[in-house]
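Read off the chains here:
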Amino acid sequence: MIPAVVRQLAAFLAAVGLLATAASTAAAAPPREVSLVNAAWQYAPDAADTGLTSGWASGRGDGAWRPVRLPHVFDPRPDDDRFGGTVGWYRLKLTAPRTPLGFSWALRFEQARRVADVWIDGRRAAHHTDPYAPFTVRAPQLADGRPHEVVVRVDNHKGKEPREGWWNWGGLTRPVTLVPLGALVAHDTGFMPERTCPELGGACRWTVLVDTTIENRSTRPITPRVDATLTPPGGSGDDAGRAAVPVRRLAPGERARVRFQIPVDGRVRLWGPGHPSLYTATLTTADGGAVQQVDRARIGLRTVAVRNGLLELNGKPVELRGASIQEDVAGRGPALRDADVDAIVEQLKQVGANITRAHYALDERLARKLDEAGILVWSQAPIYHRDRLLETAAQRDEALSTVRAAVLATRNHPSVITHSVANELSVIPDEVAGTRLFLDAARRLTLDLDPTLPTSVDTLSYPGYERQDTYARFDLLGINSYFGWYPGKENHSTANLADFAPYVRQMRAWYPNAGLVLTEFGAEATMTGPASEKETFAFQDSYTRNVLRLVDDLHVLSGAIYWTLQEFAVKPHWVGGPPRPGVERDAIHHKGLITYDGRPKPAWEALKDDILKTDLLRSAADVQLATGIRQPVDHRTRIGQATAILILLAILAIAAVDLWAFLGWRRDVEADEDDLLEAAYALAAAQDAEDVEDEPEPRPALRLIA
């Protein structure tokens, strides 16, 4: 007989094995994310800021709670007395799904403006201070399948700084999601396409750079493994690429940055305006055979570069046209619903835009729609007029954290063609130490996080200053120009639109290798009147047409982006136009081509007309005008030229034979003439076939239409 102790030990070991098998099986299928947008959220205003002392964080108190749907703002009315900010509270009674062994839940907030504190069951779980960066709150207690209460206090009180070019909205302004956390967590995974070509010729090679940070959140050492795959557009057929790499052994709580490349197999389908092909990239993080996390993103294979001072998309110089956007819908502010996202993209399509621009990383839902629509994005970190907040190392670190969040949020989107690190800082950063140090650090940080895109910064346009080494180190410079609208500064006038072209030519002389894009121009319009009077619809229409005409003639610019597509709320008493005695300014930015309530202005047609006649891909002649460099003739043009030359040589040969006969030396050469002409045509056809065989698969040239 087997001793009882041996039987007990065997049973124990079997149970442990079963548990291990169950854990491994469960871990092979991490739980899915759960959207909390439609959960039973409640909101209570706290204008007197007494909620903390009244016990609202622990569920007590008598706040005026009412049901709300996320995303949500405290008050969608941009009234002057509300701009300074207030306090509001959110609460949610939540019973989360049970998680498999080894997993727990976290709450991911896509945005809370401005400062958020989170409590779970009365215990503080997080404090977040960046109003434009998403944040994740670990909530392991939610995994037990029991009811819990989540409470969020949001404070949007705001002083004069930091400056922002939009209304001071407050609330949970983007979605909230339950996300699963396993023993291993992959943070901020990026999938960035790269194309490399041998210097001495040969086939070019596509890869996707994977960049992630793996964290061991267990209580034991783990040696992780990450596997990455690419699925082609449409999801059919074999994988378009696969790679797997081991990660070094991680102690409990330790993190490691992991970077590797996925080689792209098969026929490459490029992403771009008119052909927005999207691959699915997947990263699986595992502990042995147990899957801990699966990250997916829809990405596009495309290249963005600056060559000879011109912006190139997929190796072709482009001339961009479009309008900037603000996430601001009348009645909801930045708390966009899915229908609002669709409406913004549809407006861009209707005007024919191939690019848009934003002062902050866009809502993920909107960014995905722009990917699908093939509309480019000039993305930017919300560092605006902040020179005074860049003077100390701590201030610069805070700003760099904001830049980092913006890049991480947008680098998976093929629509994003650059990560601009700031908007309208000092025109002389070489002489402003804090600004110079920040810009240099931000440029290096952006290159580290996304080495596949050109670096950029958007600049104020004031003539009369000197070239800046700090700006010269960027690949792309955005030019925010209001020549002909704002008066400018003493000795640096921008009052005359005629000074715009000389200013751009000076920028080209100063920064010969940088791509130049007109990232802002526009004029306020609120009333009818003659085109000679500023702030009339007629003036805005004329001004828009005149600026775009100058852009067409300048050639050195790689595009123009109107500011903005639609009006939006801005600070009270906004001085966006000429002073008008006795006229009180409201808190609406009136440069938009569409009114705040959705009515297009005449200038809408001005931009639309210009886009209709502007090809996205630049001609060889235009590139030569812009760079002074003669471009190679199109391959098909060379074929036609070679054919014509061969036929001409054949005709000349026949003429020579006729002359020979006329001089009395003609013999029986009729058959020879036929053979010569036939040989010439055969040679031309052979040359034509050889060239066409070597020609790459044609890409559709896009002529934008409304």
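Because the structure is a prediction, the values reported are computed rather than measured.

Cut-offs and rules
Residues numbered from 1 in each chain as written. Predicted model: local features only at pLDDT ≥ 70, side-chain atom pairs only at ≥ 80, totals over all residues. Heavy atoms only, no water. Axes fitted to C-alpha atoms, helices over the stretch in contact; angles between N-to-C directions. Helix = DSSP H or I, 4+ residues; strand = E, 2+ residues; numbered from the N terminus. Left-handed = near helix turned anticlockwise from the far one by under 90°. Contact = heavy atoms within 4.5 Å. Expected span 1.5 Å × (residues − 1). Buried < 20%, exposed > 50% of the residue type's maximum accessible area, 1.4 Å probe, protein only. Pairing = 2+ DSSP bridges. Arc of directions from axis to C-beta. 1 Å grid on protein atoms, 1.4 Å probe; cavity = no way out; pocket = protein on both sides within 12 Å on 5 of 7 lines; lining within 4 Å. Points joined across faces, edges and corners; volume = space filled by probe spheres on them. Nonpolar A, V, L, I, M, F, W, Y, C, P; charged D, E, K, R; others polar. Patch = residues over 30% accessible without salt bridge, like charges linked within 9 Å, V, L, I, M, F, W, Y side chains within 5 Å. Areas by Shrake-Rupley, 256 points an atom, 1.4 Å probe, with all protein chains shown as cover. Salt bridge = Lys/Arg side-chain N within 4 Å of Asp/Glu carboxyl O. Lys, Arg positive; Asp, Glu negative; His and termini not counted. Charge placed at Lys NZ, Arg CZ, Asp CG, Glu CD. Phe/Tyr/Trp six-rings, centres within 6.5 Å; stacked < 30°, edge-to-face > 60°. Lys NZ or Arg CZ within 6 Å of the ring centre and 35° of its normal. Disulfide = S-S within 2.5 Å. Parallel < 35°, antiparallel > 145°, perpendicular 65-115°, else oblique.

Visitor: Which residues make up the packing of helix 7 (residues 500-510) against helix 8 (residues 537-554), and what values do they have?
Guide: Angle between the axes and distance between the axes: these two values describe a pair of packed helices. Interaxial distance between helix 7 and helix 8 falls to 10 Å at its minimum, and their mutual angle equals 35 degrees. For the element pair helix 7 and helix 8, the recorded crossing hand is right-handed. Residue-level inspection shows Phe500, Ala501, Val504 and Arg505 of helix 7 in contact with helix 8, the latter providing Leu550, Val551 and Leu554.

Visitor: So, helix 4 (residues 393-410): which residues are in play, and what are the values?
Guide: Along its 18 residues, helix 4 runs 26 Å from first to last C-alpha, staying within 8% of the 26 Å computed at 1.5 Å per residue. Looking only at helix 4, the buried set comprises Arg396, Ala399, Leu400, Thr402, Val403, Ala405, Ala406, Val407, Leu408 and Thr410. Tucked into the core, helix 4 has its buried residues touching strand 11 (184-196), strand 23 (376-380), strand 24 (416-423) and helix 5 (433-449).

Visitor: Before we move on, could you go through the sheet that holds strand 3 (residues 66-67) and cite the residues and values that matter?
Guide: Pairing in this open sheet of 6 strands is antiparallel, and the strands run 3-2-4-9-6-7 from one edge to the other. Both outer strands of the open sheet, strand 3 and strand 7 (123-128), are each paired with one neighbouring strand and no more. Looking at chain direction, strand 4 (residues 87-95) and strand 9 (residues 147-155) are connected through 9 bridges and run antiparallel. Bridge pairing links Leu94 to His148 in strand 9.

Visitor: Describe the sheet that holds strand 12 (residues 205-216), and please don't skip the residues or the numbers.
Guide: As summarised here, the arrangement of the 3 strands in space is 11-12-15, forming an open sheet in which the pairing is antiparallel. Each edge of the sheet is formed by a strand with only one pairing partner; in this case those strands are strand 11 and strand 15 (255-263). With direction set aside, neighbouring strand axes in the sheet form an average angle of 15 degrees. The pairing of strand 11 with strand 12 spans 11 bridges and is classified as antiparallel. Note on strand 12: the bridge partner recorded for His187 is Thr213. Against the sheet, helix 5 touches strand 11, strand 12 and strand 15, its axis set at about 60 degrees to strand 15.

Visitor: A description of helix 9 (residues 602-612) should follow, citing residues and the corresponding values.
Guide: If you check which residues of helix 9 are buried, you get Ala603, Trp604, Ala606, Leu607, Asp610 and Ile611. On an axial view of helix 9, the arc spanned by its buried residues comes to 160 degrees, and they lie on one face. Contacts made by the buried residues of helix 9 are with strand 21 (320-323), helix 2 (338-351), helix 8 and strand 32 (557-562).

Visitor: Lay out empty space enclosed by the protein with the relevant residues and their values.
Guide: Taken as a whole and judged by the stated rule, the model has 5 cavities of 30 Å³ or more. If you add up the space inside the largest cavity, you get close to 130 Å³. Contributing to the lining of the largest cavity are 13 residues, with Val427, Tyr471, Tyr503, Met507 and Tyr511 lying nearest its centre. Residue classes in the lining of the largest cavity are distributed as 10 nonpolar, 2 polar and 1 charged. Empty space within the second largest cavity amounts to approximately 70 Å³. Surrounding the second largest cavity, 13 residues form its lining, Leu362, Ala367, Ser379, Thr410 and Val416 being those nearest its centre. Listed by contribution, the elements that provide at least two residues to the lining of the second largest cavity are helix 3 (364-373), strand 23 and helix 4. Partitioned by chemical class, the residues of the lining of the second largest cavity number 8 nonpolar, 4 polar and 1 charged.

Visitor: Outline a positive patch on the surface, supporting the account with residue identities and numerical values.
Guide: A cluster of like positive charges, contributed by Lys160, Arg163, Arg388 and Lys571, occupies part of the molecular surface. Relative to the assigned elements, Lys571 resides in the loop between strand 33 (568-569) and strand 34 (588-589).

Visitor: Please set out the packing of aromatic side chains residue by residue, giving values where relevant.
Guide: Summed over all chains, the structure comprises 21 aromatic pairs. A ring pair is formed by Trp485 and Tyr486, whose centres lie 6.4 Å apart and whose planes are at 65 degrees; its orientation type is edge-to-face. Accessibility expressed as a relative area gives 3% for Trp485, which makes it buried. Take Tyr486: its relative accessible area is 23%, and that puts it in the partly exposed class. Site record: aromatic cluster; members linked through ring pairs are Tyr482, Trp485, Tyr486, Phe539 and Tyr543. In this structure, Arg113 packs its charged tip against the face of Tyr360, placed 5.7 Å from the ring centre. In this structure, Lys591 is placed above the aromatic ring of Tyr482, and the distance from its NZ or CZ to the ring centre is 5.3 Å.

Visitor: Can you lay out the state of the cysteines for me, pointing to particular residues and giving the numbers?
Guide: A full pass over the atoms with the stated rule returns 1 disulfide. Between Cys197 and Cys204 runs a disulfide, and the two sulfur atoms are separated by 1.9 Å. Every disulfide takes its handedness from the sign of the S-S torsion; for Cys197 and Cys204 that torsion is 110 degrees, giving right-handed. Look at Cys197 and you get partly exposed, because its relative accessible area is 40%.

Visitor: I'd like a description of the pairing of strand 7, backed by residues and values.
Guide: With 5 bridges connecting them, strand 6 (residues 115-120) and strand 7 associate as antiparallel partners. In the sheet register, Asp117 faces strand 7, and the bridge partner there is His127. The turn linking strand 6 back onto strand 7 is made up of 2 residues, and Asp121 within it adopts a positive phi angle of 55 degrees.

Visitor: How would you summarise the environment of Tyr503 if you had to cite specific residues and measurements?
Guide: Relative to the elements of secondary structure, Tyr503 occurs in helix 7. Look at Tyr503 and you get buried, because its relative accessible area is 8%. With 42 residues separating them in the primary sequence, Tyr503 and Ser461 have C-alpha atoms 8.1 Å apart. Discounting chain neighbours no more than four positions away, the residues touching Tyr503 are Leu460, Ser461, Tyr462, Pro463, Ile479 and Phe483.

Visitor: Report on the packing of helix 2 against helix 9, specifying residues and quantitative values.
Guide: Orientation of helix 2 relative to helix 9, taken along the N-to-C sense of each, is 60 degrees, at an axis distance of 8 Å. The angle between helix 2 and helix 9 falls in the class oblique. Together, Gln347, Gln350 and Val351 of helix 2 and Trp604, Leu607, Lys608 and Ile611 of helix 9 make up the contact between the two elements. Classifying every residue of the contact of helix 2 with helix 9 gives 4 nonpolar, 2 polar and 1 charged.

All quantities given are derived from atomic positions and should not be read as evidence of function.
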